Amino acid sequence: MSNQYFAIDLSSNLCARFATIVFTGTEGNVAGKYHMIKKGADDEWNHSSDRLELGENEVHIWRASLDQNAKVIANLASLLSQDEYERAVKYYHVLNRDRFIVGRGVLRKIISAYLSLSPSDLRFTYNEFGKPAVSNDQNGLAINFNLSHSAELALYAVTRSRVVGIDIEYIREDFATLEIAEHFFSKDEVAALKSLPMDQRTTGFFNCWARKESFIKAKGIGVSYPLNRFTVSLAPTEPAALLNFDDEGEVAQWKMFELRPGAGYAAALIISDPPVILKQFHWNE
Ligand SMILES: CC(C)(COP(=O)(O)OP(=O)(O)OC[C@H]1O[C@@H](n2cnc3c(N)ncnc32)[C@H](O)[C@@H]1OP(=O)(O)O)[C@@H](O)C(=O)NCCC(=O)NCCS
């Protein structure tokens, strides 16, 4: 494993710091990387570039705060398409509306930077279950992406050709009940959860939830997917992994990572065709 920390400017108003983590084996835990980003300990590694390169064997993870100031929100709102704008105005609460605007606006900024397009010119298509993708005619790099948002944070995964799913969950003690686990989790997952010490149960629950969601989001078929027919790891002491699936041959085709976007959140990424190099960025306007 090798680590580098530095910062780049993608354009006059898209700035990122990121950490590079190269995974060649089975280790799946990227614990602590965001912590280092947050501390700003990477300043001496600052570099500038006009263009962001996405290698064929890479997946880039972007983290963004959805709570931005009015000027940033207005700027991002101006990038949205008509259908995104119509979705935004349907939100009753201003906070949720603004978070949606930021989530989509930042998505446009990130994806368009890879494709050297204007953010507002980018067009998304959707599969029948709502998974967004870059319109084929604009996607010379075969970019695939997925995003997730919870409370104040959004995560974006961007890759080339591979299939990807990402999920972030704000940890809520009151939601992490055995009753809910028994409804959504596989038998093996429920057993693993029950075997955890009480003080690890909430984390284990949300590890499981985020990992399962990342997989169904990679699959792109949403709620119709049979959640109890596959099993993920969940113990805080174990690496993230897809442990079993109806189609045994499929398990080896995926690589799951635990992501640590910040205190109070659980998050996971799953990507097809490992090995893959994972790089993490924090988005700043
Ligand atoms: C979209 C879905 C797949 C995830 O929703 P969610 O966890 O509430 O929300 P997230 O923030 O993680 O993801 C939403 C984003 O995923 C993307 N998305 C939408 N439909 C998608 C799909 N079918 N597959 C993958 N990604 C999808 C969108 O970009 C969306 O964001 P945006 O429209 O605001 O830009 C949801 O429809 C779903 O099916 N959830 C399953 C719920 C469940 O039973 N979970 C149990 C887990 S154990």
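Residues numbered from 1 in each chain as written. Predicted model: local features only at pLDDT ≥ 70, side-chain atom pairs only at ≥ 80, totals over all residues.

Novice: Account for the overall build of the chain, with residues named and values stated.
Specialist: Within the chain one finds eight helices and 13 strands. Each of the 285 residues in the chain was classed as buried or not, and the buried ones make up 40%. Nonlocal contacts in the chain, meaning residues at least 24 apart in sequence, comprise 63% of its contacts between residues at least 6 apart. (Helix = DSSP H or I, 4+ residues; strand = E, 2+ residues; numbered from the N terminus. Buried ≥ 20, exposed ≤ 12 C-beta atoms within 10 Å, placed from the backbone. Contact = placed C-beta atoms within 7 Å.)

Novice: Residue-level account of the sheet that holds strand S12 (residues 265-272), with values.
Specialist: Pairing is antiparallel in the open sheet, where three strands are placed in the order S8-S12-S11. Pairing within the sheet leaves two strands with one partner each, and these edge strands are strand S8 (164-170) and strand S11 (254-259). Recorded for the sheet is a direction-independent mean angle of 15 degrees between the axes of neighbouring strands. Sheet strands in contact with helix H7 (residues 201-219) are S8, S11 and S12, and its direction is about 150 degrees off that of S8. (Pairing = 2+ DSSP bridges. Axes fitted to C-alpha atoms, helices over the stretch in contact; angles between N-to-C directions.)

Novice: I'd like a rundown of the nonpolar core, residues and numbers included.
Specialist: Grouped together as the largest cluster of nonpolar side chains are 64 residues, with contacts concentrated most on Leu155, Tyr156, Met256 and Leu269. The residues contacting Leu155, other than those within four sequence positions of it, are Ile61, Trp62, Arg63, Leu147, Ser148, Ile166, Ile168, Leu259, Pro261 and Ala267. (Core = buried A, V, L, I, M, F, W, Y, C linked by C-beta atoms within 7 Å.)

Novice: Describe helix H4 (residues 94-115), listing the residues and the values that go with them.
Specialist: Each turn of an α-helix holds 3.6 residues, which means side chains three or four residues apart point in the same direction. Helix length check: H4, at 22 residues, gives a terminal C-alpha distance of 31 Å against a target of 32 Å (1.5 Å per residue), a fit within 8%. Summarising burial for H4: 16 of the 22 residues are buried, a large majority. Ser116 sits one or two residues past H4 and shows a positive phi near 55 degrees. (Expected span 1.5 Å × (residues − 1).)

Novice: Lay out the site of the ligand in plain terms, naming residues and giving numbers.
Specialist: Taken together, 23 residues lie near the ligand, and Phe129, Gly130, Lys131, Ser148 and Gly222 sit nearest. Broken down by secondary-structure element, the contributors of at least two residues to the shell around the ligand are H4, strand S6 (143-150) and H7. The greatest single-element share of the shell around the ligand, amounting to five residues, is contributed by H7. (Near = placed C-beta within 6 Å.)

Novice: Residues and numbers for unusual backbone geometry, please.
Specialist: Residue Pro274 is joined to Pro275 through a cis peptide bond whose omega torsion reads 5 degrees. Position of Pro275 relative to the elements: it lies in the loop between S12 and strand S13 (277-284). Even without a glycine there, the phi angle at Ser161 is positive, about 70 degrees. With respect to the helices and strands, the residue Ser161 is situated in the loop between strand S7 (153-160) and S8.

Novice: Residue-level account of the packing of helix H3 (residues 82-90) against H4, with values.
Specialist: Remark: H3 packs on H4, axes separated minimally by 8 Å, with the N-to-C direction vectors making an angle of 155 degrees. Taken together, the axes of H3 and H4 lie roughly antiparallel to each other. Crossing of H3 against H4: the hand is right-handed. In this structure, H3 uses Glu84, Arg87 and Ala88 to contact H4, whose residues at the interface are Arg97, Phe100, Ile101 and Arg104. Its residues assigned to classes, the contact of H3 with H4 shows three nonpolar, no polar and four charged. (Parallel < 35°, antiparallel > 145°, perpendicular 65-115°, else oblique. Left-handed = near helix turned anticlockwise from the far one by under 90°. Nonpolar A, V, L, I, M, F, W, Y, C, P; charged D, E, K, R; others polar.)

Novice: Which residues make up the packing of helix H2 (residues 70-77) against H4, and what are the values?
Specialist: Between two packed helices, the angle of one axis relative to the other and the distance separating the axes together describe the packing. Two numbers describe how H2 lies on H4: the axes approach to 8 Å, and their chain directions differ by 60 degrees. It follows from the interaxial angle that H2 and H4 lie oblique. Remark: the crossing between H2 and H4 carries left-handed chirality. Contact residues: Ile73, Leu76 and Ala77 in H2; Asp98, Ile101, Val102, Gly105 and Val106 in H4. Across the contact of H2 with H4, the residue classes break down as six nonpolar, one polar and one charged.

Any link to function would need more than the numbers given here.
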